[in-house]
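Breakdown of the fold
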Amino acid sequence: MPGYVQVQVAIDDRAKAAELARSAVGARLAACAQIVGPVTSVYRWKGEVETAEEFLLLVKTTRERADALTELIRRDHPYETPEIITLPIDGGLGAYLRWIDEETGSSASDGVQAKNG
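- As named in an unreviewed UniProt entry, the protein is Periplasmic divalent cation tolerance protein, taken from Sphaerisporangium siamense.

As for the side chain of Thr61
- Following the sequence through the fold, Thr61 ends up in strand S3 (residues 48-62).
- By relative accessible area, Thr61 is classed as buried at 0%.
- Within polar-contact distance, the side chain of Thr61 engages the backbone oxygen of Leu29 at 2.5 Å.
- Every residue in contact with Thr61, bar those within four places of it in the chain, is listed here: Tyr4, Val5, Val7, Leu29, Ala30, Ala66, Leu69, Ile100 and Thr104.

Details of the pattern of salt bridges
- Throughout the structure, instances matching the rule amount to 3 salt bridges.
- Measuring nitrogen to oxygen at the nearest pair gives 3.2 Å for the salt bridge that ties Glu19 to Lys16. In this pair, Glu19 and Lys16 both sit in helix H1 (residues 14-26), 3 residues apart, roughly one turn of the helix.
- Across the salt bridge formed by Arg75 and Asp76, the nearest N and O atoms sit 3.0 Å from each other.

Each value, and the rule that gives it
- Residues numbered from 1 in each chain as written.
- Predicted model: local features only at pLDDT ≥ 70, side-chain atom pairs only at ≥ 80, totals over all residues.
- Heavy atoms only, no water.
- Helix = DSSP H or I, 4+ residues; strand = E, 2+ residues; numbered from the N terminus.
- Buried < 20%, exposed > 50% of the residue type's maximum accessible area, 1.4 Å probe, protein only.
- Polar contact = N/O pair within 3.5 Å; in protein donor to acceptor, adjacent residues only side chain to side chain.
- Contact = heavy atoms within 4.5 Å.
- Salt bridge = Lys/Arg side-chain N within 4 Å of Asp/Glu carboxyl O.

Next up, the structure:
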């Protein structure tokens, strides 16, 4: 079974988060993207402690699609240095993971379906 990841992205605008989510899913680089928030972020930027309202985008994809997804997000993200963090998915419901394969056009999906019925 191929590897799966969740890519976490913070962004300051709900509409832009939705645009990134639709773009990623539309390009078949992600099966699902959830928008959480608003959340309050506290961080150091250019020597100052900042506080901002942001939205968290949680994007599910395969490991093989993660680099292309990161590039798409980086290209369209308005921040100079956006938070783009890739976290491994160590397990999950088999049917859900196969769905990620199918929706991202993963080359491994045929083998997974054959093994699992």
